[in-house]
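Listed here are the chains, written in short residue letters.
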Amino acid sequence: MTDFDLIIIGGGPAGLTAGLYAARASMKAILLEQKDLGGEILNTELIEDYPGFASITGADLSQKMAEHALKFGLKVETYKPVKEIRSDGDRKIVQLEDGTELRAYAVIVTVGGEPTKLGVPGEQEYHGRGVSYCAVCDGAFFKGADLAVIGGGDSAFQEGLFLTRFAKKLYLVHRRDDFRAQAILKDRLLGMEKVTPVTPAVVTEIGGNGDVKWIDLDHDGRRERINVEGVFVFIGFRPVGRHLFKDHIDHDKNGYLITDQYMRTSIPGVYAAGDTRAQLAKQITTAVGDATTAVLHAERYIEELKDMERDFPTASREVVAESAGRADLLAFQPGDVILREGDPADRFYMIINGQALATARGPDGAEAHLNTLGPGDYFGEIGLLNNAPRIATVRAKTSLEVMALDRETFERLITSSQATEAEVRRVAKDREAERLG
Ligand code: NAP
């Protein structure tokens, strides 16, 4: 089994962005893609809403994104479909279709989805023989033919525009009279002479004689047949991320993975970005933004996990992953007070970087130095264990980065094994004795 810090699944804009940041941060990371790098944008002819590129083909943009990530040393494996992702303690195991298993502290899922099917007779039978879900891939096979595009969203219009290069006549079949596509796309496509909107119309069957020759419609209550040689279906998208998980992962009713603001899913250490995530818009801009957030948070999570593994070697690994997933990362300047003697105890702290000073007031009221704490040390456990106010003050001696756990997470962590609880109680007892002595 090969070990990584981070595994990125999917090589579209989200995956390549996460990969770029991971490579630049020198993380031990790998990106797995089941086909070629580029993802969904490979199926898009022209992209005109990605800032910095007034007009660029999907193929060119994906190539630029891939080259950029590879330039910074990202390790990439293409044609490596993932079969399953499962948790093993505080690690994630990614199993490939070929049986290979990879292990990592964190996984970012950017696998997008697949086109929604009409589900009418003839659709499956004629797939590849006139029925297509990708104009860029198949449009050129239909030079001079009459074609139908099904759908009323951005994809139908964008792909429809591309198909007007080849089509003699293009029918735009949509179930409502209103189209949800962007105004600019609507103006362009509907303004073309060879384009005929057919609304409100529902496809009931696709037929032919070995290749597609017609589609049957329910056109505003009337049965109608249109003769076409190609049917391009763009009626939405089915996210596929959740099907990779053996364990439950939270998703919405349409199957999109639910994340928080840091792109964390309900499984600690698993992040989602791009079109497989529940969100307002499926755009390249949002995919790259989400992926940036995901990878920056994953980097922190991995550091926290490694620190916790070191601090609590006997704790349950599942609980360690859960605790790292819930920890807050806090930064302090020299002199800042992190906790104050006499205050109620609500959190537990672990030092990631920098030094802290613990002091306590003596009987004369003067503050006395108790301890200097550094990376790997923890503090704040006494008040939580005794359910009592703080018995010392802890200040940042240098710039300080700490990981903070709330009471509930701390209790779950230390009670996850007898040895961990005994060790934390022993440290607390020694410190109390020192304080009293
Ligand atoms: P979409 O926006 O969900 O549109 C799907 C279209 O198919 C809708 O018009 C819908 O009709 C219709 N539809 C859904 N189910 C149907 C069914 N069973 N039978 C017939 N028609 C059906 O999907 P999309 O166009 O694939 O776009 C997906 C996302 O990618 C969107 O967020 C879109 O903005 C984005 N995108 C952006 C660009 C761009 O240039 N910026 C290009 C492509 C895609 P109703 O309208 O009646 O629901």
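**Points about the site of the ligand**
Then, in step 1: For the ligand, the set of nearby residues contains 16 residues, the closest of which are Asp49, Asp154, Ser155, Arg176 and Arg180.
Then, in step 2: Residue Asp49 places a side-chain N or O atom 2.4 Å away from a nitrogen atom belonging to the ligand.
Then, in step 3: At 3.1 Å, a side-chain N or O of Gln283 approaches a nitrogen atom of the ligand.
Then, in step 4: Protein chains bury 76% of the 910 Å² of accessible surface belonging to the ligand in isolation.
Then, in step 5: The class makeup of the residues in the shell around the ligand is 2 nonpolar, 8 polar and 6 charged.

**Let's talk about the pattern of salt bridges**
A side chain of one charge can pair with a side chain of the opposite charge when the charged atoms of the two come close.
Then, in step 1: Taken as a whole and assessed by the stated rule, the structure comprises 31 salt bridges.
Then, in step 2: One salt bridge connects Lys306 with Asp5, and the closest N-O pair in it is separated by 3.2 Å. Here Lys306 is found in helix α6 (residues 284-311), whereas its partner Asp5 is found in strand β1 (residues 2-9), with 301 residues between them in sequence.
Then, in step 3: A residue is classified by how much of its surface remains accessible, and Lys306, at 31% relative accessible area, is partly exposed.
Then, in step 4: Asp5 sits in the buried class, given a relative accessible area of 16%.
Then, in step 5: Glu224 is the partner of Arg222 in a salt bridge, and the nearest nitrogen-oxygen pair spans 3.7 Å.

**Concerning the packing of aromatic side chains**
Both the distance between ring centres and the angle between the ring planes are used here to describe each pair of aromatic rings.
Then, in step 1: With the rule as written, the count across this model stands at 10 aromatic pairs.
Then, in step 2: Taking the centre distance of 5.5 Å and the plane angle of 20 degrees together, the rings of Phe312 and Tyr378 count as stacked. In this pair, Phe312 sits in the loop between α6 and α7 (317-326) while Tyr378 sits in strand β25 (residues 378-379), placing the two residues 66 residues apart along the sequence. Across the pair, Tyr378 and Phe312 agree in class, each one buried.
Then, in step 3: Here Phe348 and Phe410 contribute two aromatic rings whose centre-to-centre distance is 4.5 Å and whose plane-to-plane angle is 35 degrees, an arrangement assigned as tilted. Taken together, the positions of Phe348 in strand β22 (residues 347-353) and Phe410 in helix α9 (residues 407-414) put the pair 62 residues apart, joining distant regions of the chain. Both residues of the pair, Phe348 and Phe410, count as buried.
Then, in step 4: Taken together through their ring pairs, the aromatic side chains of Phe312, Phe348, Tyr378 and Phe410 make up a single cluster.
Then, in step 5: Across from the ring centre of Phe4, 5.5 Å away, lies the NZ or CZ of Lys28, which sits over that ring.

**Comments concerning the domain arrangement of the chain**
Then, in step 1: Assigned domains within the chain: domain 1 (2-113 + 237-311), domain 2 (131-233) and domain 3 (327-436).
Then, in step 2: Distance between the C-alpha centres of domain 1 and domain 3: 36 Å.
Then, in step 3: Listed per partner, the contact involves 6 residues of domain 1 and 10 residues of domain 3.
Then, in step 4: Where domain 1 abuts domain 3, roughly 740 Å² becomes buried across the two surfaces, and 62% of that area is made up of carbon and sulfur atoms.
Then, in step 5: Considering only the side of domain 1, the residues that lose the most area to domain 3 are Glu304, Met308 and Asp311, jointly responsible for 64% of the buried surface there.
Then, in step 6: On inspection of domain 1 and its partner domain 3, the count reaches 0 salt bridges.
Then, in step 7: There are 0 residue pairs in polar contact (both at pLDDT 80 or more) connecting domain 1 and domain 3.

**What to know about helix α1 (residues 13-24)**
Then, in step 1: Its 12 residues give α1 an end-to-end C-alpha distance of 16 Å, which sits within 8% of 16 Å, the value for a rise of 1.5 Å per residue.
Then, in step 2: The buried count for α1 comes to 10 of 12 residues, which makes it a mostly enclosed element.
Then, in step 3: If you check which residues of α1 are buried, you get Pro13, Ala14, Gly15, Leu16, Thr17, Ala18, Gly19, Leu20, Ala22 and Ala23.
Then, in step 4: Buried positions along α1 lie against β1, β2 (29-32), α2 (58-71), β8 (101-109) and α6.
Then, in step 5: Taken from the residues just after α1, Ser26 is the one with a positive phi, measuring 55 degrees.

**A short note on the pairing of β1**
Then, in step 1: With 6 of 8 residues buried, β1 lies mostly within the body of the structure.
Then, in step 2: Sheet topology note: the β1/β2 ladder contains 4 bridges and is parallel. Across the sheet, residue Ile8 finds its bridge partner in β2, namely Leu31.
Then, in step 3: This β-α-β element, β1 to α1 to β2, shows right-handed connectivity.

**Focus: unusual backbone geometry**
Then, in step 1: Note the cis peptide between Thr199 and Pro200, where omega equals -20 degrees.
Then, in step 2: Residue position: Pro200 is located in the loop between β13 (195-198) and β14 (201-208).
Then, in step 3: Non-glycine residue Asp220 carries a positive phi angle of around 55 degrees.
Then, in step 4: Here Asp220 is to be found in the loop between β15 (212-219) and β16 (222-227).
Then, in step 5: The exposed category is assigned to Asp220, whose relative accessible area is 53%.

**As for a negative patch on the surface**
Then, in step 1: A contiguous patch of negative charge on the surface is contributed by Asp177, Asp178, Asp218 and Asp220.
Then, in step 2: Considering the arrangement of structural elements, one finds Asp178 in the loop between β12 (169-173) and α5 (183-190).

**Side note on the environment of Gly191**
Then, in step 1: Topologically, Gly191 is positioned in the loop between α5 and β13.
Then, in step 2: Gly191 sits in the exposed class, given a relative accessible area of 63%.
Then, in step 3: C-alpha separation for the pair Gly191 and Gly362, spaced 171 residues apart in sequence, amounts to 84 Å.

Rules of the game
Residues numbered from 1 in each chain as written. Predicted model: local features only at pLDDT ≥ 70, side-chain atom pairs only at ≥ 80, totals over all residues. Heavy atoms only, no water. Near = heavy atom within 4 Å. Polar contact = N/O pair within 3.5 Å; in protein donor to acceptor, adjacent residues only side chain to side chain. Areas by Shrake-Rupley, 256 points an atom, 1.4 Å probe, with all protein chains shown as cover. Nonpolar A, V, L, I, M, F, W, Y, C, P; charged D, E, K, R; others polar. Salt bridge = Lys/Arg side-chain N within 4 Å of Asp/Glu carboxyl O. Helix = DSSP H or I, 4+ residues; strand = E, 2+ residues; numbered from the N terminus. Buried < 20%, exposed > 50% of the residue type's maximum accessible area, 1.4 Å probe, protein only. Phe/Tyr/Trp six-rings, centres within 6.5 Å; stacked < 30°, edge-to-face > 60°. Lys NZ or Arg CZ within 6 Å of the ring centre and 35° of its normal. Domains from an automatic or database assignment. Contact = heavy atoms within 4.5 Å. Buried area = accessible area lost by both parts, 1.4 Å probe. Expected span 1.5 Å × (residues − 1). Pairing = 2+ DSSP bridges. Right-handed = clockwise from strand over helix to strand, strands pointing away. Patch = residues over 30% accessible without salt bridge, like charges linked within 9 Å, V, L, I, M, F, W, Y side chains within 5 Å. Lys, Arg positive; Asp, Glu negative; His and termini not counted. Charge placed at Lys NZ, Arg CZ, Asp CG, Glu CD.

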